[in-house]
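Structural features, examined
Chain by chain, the residues run as shown.
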Amino acid sequence: LPEVRDNFVTYGLNEGVHYHAGLFNETLPRFYHEYKDYHQARIAVLRIDGNFYESYQDALYYLWELVPVGGFVIFDDYVEGKNAPWLGQFWAEFKRAHGLRETLRAVDWTSSYFRKETDAKVDWSAYARDRARMKGRAPGTGRRKRVS
């Protein structure tokens, strides 16, 4: 956190910045409940670098409604068909659960983005269903855990 703060100060970008350090599953629920009804809280560009299915799930579910139509979402470490198949699985499930028509586009060989077109409310029952299903899988992979 001190290094991140120093970088924001160095580049003169610290005005109005609030920091929420911690793991996604700990900080995002608190952040969401603090800002969900504050209509000025909007995220123009949401870049998610989570490395696990559950991290992307937490980030997109808790922050989806704060990204306005026209805003951008960037998935780090994912280009469709090339890497992180578990992220492709999450994205397909999220799209299906929310009736989205957004299309991922490659930024480069390591990441993808989409522009938000659909103003769908988060379906928390889909979050709970997919979270429960993932409990029986190897962390971040979407594959069933081996039991010996």
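This text gives an overview of the structure that appears in the document. (Residues numbered from 1 in each chain as written. Predicted model: local features only at pLDDT ≥ 70, side-chain atom pairs only at ≥ 80, totals over all residues. Heavy atoms only, no water.)

This brings us to the packing of helix α3 (residues 53-63) against helix α4 (residues 85-98). The N-to-C vectors of α3 and α4 enclose an angle of 30°; their axes lie 9 Å apart at closest approach. Judged by the twist between their axes, the crossing of α3 over α4 is right-handed. Residues Tyr-53, Tyr-56, Gln-57, Leu-60 and Tyr-61 of α3 pack against Trp-86, Leu-87, Gln-89, Phe-90, Trp-91, Glu-93, Phe-94, Ala-97 and His-98 of α4. Split by residue class, the contact of α3 with α4 holds 10 nonpolar, 3 polar and 1 charged. (Axes fitted to C-alpha atoms, helices over the stretch in contact; angles between N-to-C directions. Helix = DSSP H or I, 4+ residues; strand = E, 2+ residues; numbered from the N terminus. Left-handed = near helix turned anticlockwise from the far one by under 90°. Contact = heavy atoms within 4.5 Å. Nonpolar A, V, L, I, M, F, W, Y, C, P; charged D, E, K, R; others polar.)

For α4, with 14 residues, the first-to-last C-alpha span of 20 Å sits near the 20 Å given by 1.5 Å per residue. Taken residue by residue, α4 has Trp-86, Leu-87, Gly-88, Phe-90, Trp-91, Glu-93, Phe-94 and His-98 as its buried positions. Against α3, β2 (72-76), β4 (111-115) and α5 (124-134) lie the buried residues of α4. Once α4 finishes, Gly-99 follows within two positions and takes phi at roughly 65°, a positive value. (Expected span 1.5 Å × (residues − 1). Buried < 20%, exposed > 50% of the residue type's maximum accessible area, 1.4 Å probe, protein only.)

Our next topic: the sheet that holds β4. Taken together, the 4 strands give an open sheet; going across it, the order is β1-β2-β4-β3, and neighbouring strands pair in mixed fashion. Lying at the two open borders of the sheet, with one neighbouring strand each, are β1 (45-48) and β3 (105-106). Across the sheet, α3 touches β1 and β2, and the angle it forms with β1 is around 165°. (Pairing = 2+ DSSP bridges.)

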